[in-house]
Amino acid sequence: MSQFTFDAPTVIRTKRDGGRLSDAAIDWVIDAYTDGHVADEQMAALLMAVFFRGLDRGEIARWTAAMVASGEVLDFSGLPLPTVGKHSTGGVGDKTTLVLIPMVAACGAAVPKASGRGLGHTGGTLDKLESIPGLRTDLPIGRVREQLTDLGAAIFAAGQVAPADKKLYALRDITATVESLPLVASSIMSKKLAEGIGALVLDVKVGAGAFLKTEEQCRDLAHTMVALGAAHGVSTSALLTDMSYPLGAAVGNALEVAESLEVLAGGGPPDVVELTVRLAEEMLTLAGVDGRDPGQTLQDGTAMDRFRRLVTAQGGDLSVPLPFGAHTETVTADRSGTMGDIDAMAVGLTAWRLGAGRSRPGERIQAGAGVQIHRRPGDPVVAGEPLFTLYTDTPERFAAAMAELDGAWSVGHTPPKLRPLIIDRITS
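The structure presented is a predicted model; accordingly, all values stated were derived computationally and were not measured.

Caption draft 1: Main features of the overall build of the chain. Scanning the chain from N- to C-terminus turns up 16 helices and 13 strands. Expected size for 428 residues packed as a compact globule is a radius of gyration near 22 Å; at 21 Å, the chain falls within 12% of this value. In terms of its C-alpha atoms, the chain occupies a principal-axis envelope of roughly 70 × 50 × 40 Å. Here the chain holds 428 residues, and 56% of them are scored as buried.

Structure, rendered in structure tokens:
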């Protein structure tokens, strides 16, 4: 196809005015943007048009396929183990990948996990892992295959697959176009479909800390992604899970690694354990691995052993202390009572303002920035005790962070109504 068949202003105008993008137009604009022939400002305008006008199911399928075709499609069919992937739509304090991957690997499946950086108010798995001193995620594909063969797990930068998504992902982060169902679905599924996995489990977040706020939107997203997976021959299911509150008690990069190590050691917050075990069960079912209890791997140390081997294989050193922010501020209770709701979105934005996330592509983040939550909704609270500890290396950030957290929590006389952590399961 000639690169002059289309031009960016016409494609933008078509979607801006509510028109449908043809397959050829989608193929062209994704290819041209990946190659640098469409400028960031033009793609930003198209993303905003998509944000307001949407894409129909056919457009989403083609947009996804075009992003898959923008790079290498991995092939792990020769591995001696069944392959299965997992992806979360992004939450606050969601460190399940760090526990889940070694847990599933310890049960006998291979998990190639192409991950991303932080996006908006949510943290990225790569940013969290790279807070471990020395750990690298820019693994060549040959190394990924070796790790999958040797220990059943690899967590690596998604740059080798769907390079179009890598560029779009960074642009969405800084143009307020993250919360678009078509863009979320195509971003996730383009990476997953290019990973060469045989099965996929999706963790679709619902609630205040999710990208899409209503349960109806989240169900639509789950059904869209499950259908995309099935159309590409990948056995796919989705769990709708609650993100009304932060998951666990740590939000940030190194803070979440520390909490993950607690879970791998057989402890940690009950909600993190519950969600991780349920996702592991779903992954093992789709992968066809029977007779293994993933929860047992947390008690007998096999998941921790697999995580340590993963870290070592990728150059990390867990004997070196994790970096935590040099400066702290503590929010204390002004009265006694019961901890009420904690706004997950506000906590995520607080961690972002402390330096745990980015405001422009490529910006350095602080590995040690974040929020430690000392009381969970429903817990008893005594006046004067700490509720939150904020960490950063740049204390001038505290004012904006504290303002973000102000009003995001409450202490009252009655416990809040808690939702079940697992809301539903979606299959094709």
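Read on, since the account is not over.
Caption draft 2: Spotlight on the packing of aromatic side chains. Tallied over the entire structure, the rule returns four aromatic pairs. Ring geometry for Phe-324 and Tyr-391: centres 6.4 Å apart, planes at 50°, overall tilted. Of this pair, Phe-324 sits in the loop between α14 (302-313) and β7 (327-332) while Tyr-391 sits in strand β11 (residues 386-392), placing them 67 residues apart in sequence. Taken together, a centroid distance of 6.0 Å and an interplanar angle of 55° make the contact between Phe-388 and Trp-409 tilted. Residue Phe-388 is found in strand β11, and its partner Trp-409 is found in strand β12 (residues 409-412); the two are separated by 21 residues along the sequence. By relative accessible area, which is 0% here, Phe-388 ends up buried. Between the NZ or CZ atom of Lys-167 and the centre of the ring of Tyr-33, over which it lies, the distance is 4.3 Å.

Caption draft 3: Spotlight on the pattern of salt bridges. Evaluation of the coordinates by the stated rule reveals 23 salt bridges. Among the charged side chains, a salt-bridge network with shared partners connects Glu-215, Arg-219, Asp-242, Arg-419 and Asp-424.

Caption draft 4: A look at the sheet that holds strand β10 (residues 380-381). Pairing in this open sheet of three strands is antiparallel, and the strands run β10-β8-β12 from one edge to the other. Bordering the open sheet on either side are β10 and β12, each of which pairs with just one other strand. In this structure, strand β8 (residues 337-342) lies alongside β12, joined through three bridges in antiparallel fashion. Across the sheet, residue Thr-338 finds its bridge partner in β12, namely Gly-412.

Caption draft 5: Looking closely at unusual backbone geometry. Unlike most non-glycine residues, Ala-162 shows phi in positive territory, near 45°. Residue placement: Ala-162 occurs in the loop between β3 (153-157) and α8 (163-174).

Caption draft 6: Representation of the nonpolar core within the structure. Ranked by size, the top nonpolar core spans 70 residues in total, and within it Val-104, Phe-388 and Leu-390 carry the most contacts. The dominant element in this core, judged by the number of residues it contributes, is helix α12 (residues 270-287), at eight residues. Apart from the residues within four sequence positions on either side, Val-104 is in contact with Val-84, Ala-109, Val-111, Ala-280, Met-283 and Leu-284.

Caption draft 7: Up close: the sheet that holds strand β1 (residues 84-88). The four strands lie next to each other as β1-β4-β5-β13, forming an open sheet whose pairing is mixed. Only two strands of the sheet have a single neighbouring strand rather than two, namely β1 and β13 (422-427). The sheet shows a mean angle of 20° between the axes of neighbouring strands, direction not considered. Both β1 and strand β4 (residues 199-206) contribute to a ladder of five bridges, which runs parallel. Within β4, the residue paired with Lys-86 across the bridge is Val-201.

Caption draft 8: Structural context of the side chain of Ser-186. Tracing the backbone shows Ser-186 in helix α9 (residues 181-193). Sequence-distant contacts of Ser-186, defined by excluding residues within four places in its chain, comprise Trp-63, Thr-64 and Met-67.

Caption draft 9: Here's a closer look at the packing of helix α2 (residues 23-34) against α8. For the pair α2 and α8, the least separation of the axes is 9 Å and the interaxial angle reads 80°. Looking at the two axes, α2 sits roughly perpendicular to α8. Side by side, α2 and α8 meet where Ile-30, Tyr-33 and Thr-34 of the first sit next to Pro-163, Ala-164, Lys-167, Leu-168 and Leu-171 of the second.

Caption draft 10: Molecular detail of the pairing of β8. One ladder, built from two bridges, connects β8 with β10; its direction is antiparallel. Each residue of the ladder has a partner; that of Thr-338, found in β10, is Pro-380.

Caption draft 11: Up close: the side chain of Thr-241. Structurally, Thr-241 can be placed in strand β5 (residues 235-242). One polar contact links Thr-241 to Asp-203, side chain to side chain, over a distance of 2.5 Å. Excluding anything up to four places from it in sequence, Thr-241 contacts Asp-203, Val-204, Lys-205, Val-206, Leu-275, Leu-421, Ile-422 and Ile-423.

Caption draft 12: Geometry of helix α16 (residues 398-405). Within α16 the residues assigned to the buried category are Phe-398, Ala-401 and Leu-405. Within α16, the buried residues cover an arc of 65° as seen down the axis, which keeps them to one side. The exposed residues of α16 that point more than 90 degrees off its buried face are Ala-399 and Ala-403. Contacts made by the buried residues of α16 are with β7, α15 (344-356), β11 and β12.

Caption draft 13: Expanded view of α8. Every buried residue of α8 is listed here: Ala-164, Asp-165, Leu-168, Tyr-169, Leu-171, Arg-172 and Asp-173. In the stretch just after α8, Ala-176 is the one whose phi turns positive, near 55°.

Caption draft 14: Seen up close, the environment of Asp-31. Turning to its location among the elements, Asp-31 is positioned in helix α2. Given a relative accessible area of 46%, Asp-31 falls into the partly exposed group. Once the C-alpha coordinates of Asp-31 and Pro-133 are considered, the two residues, 102 residues apart in sequence, prove to be 37 Å apart.

Calculation notes
- Residues numbered from 1 in each chain as written.
- Predicted model: local features only at pLDDT ≥ 70, side-chain atom pairs only at ≥ 80, totals over all residues.
- Heavy atoms only, no water.
- Helix = DSSP H or I, 4+ residues; strand = E, 2+ residues; numbered from the N terminus.
- Rg over C-alpha atoms; globule rule 2.2 N^0.38 Å.
- Buried < 20%, exposed > 50% of the residue type's maximum accessible area, 1.4 Å probe, protein only.
- Phe/Tyr/Trp six-rings, centres within 6.5 Å; stacked < 30°, edge-to-face > 60°.
- Lys NZ or Arg CZ within 6 Å of the ring centre and 35° of its normal.
- Salt bridge = Lys/Arg side-chain N within 4 Å of Asp/Glu carboxyl O.
- Pairing = 2+ DSSP bridges.
- Core = buried A, V, L, I, M, F, W, Y, C linked by side-chain atoms within 4.5 Å.
- Contact = heavy atoms within 4.5 Å.
- Axes fitted to C-alpha atoms, helices over the stretch in contact; angles between N-to-C directions.
- Parallel < 35°, antiparallel > 145°, perpendicular 65-115°, else oblique.
- Polar contact = N/O pair within 3.5 Å; in protein donor to acceptor, adjacent residues only side chain to side chain.
- Arc of directions from axis to C-beta.

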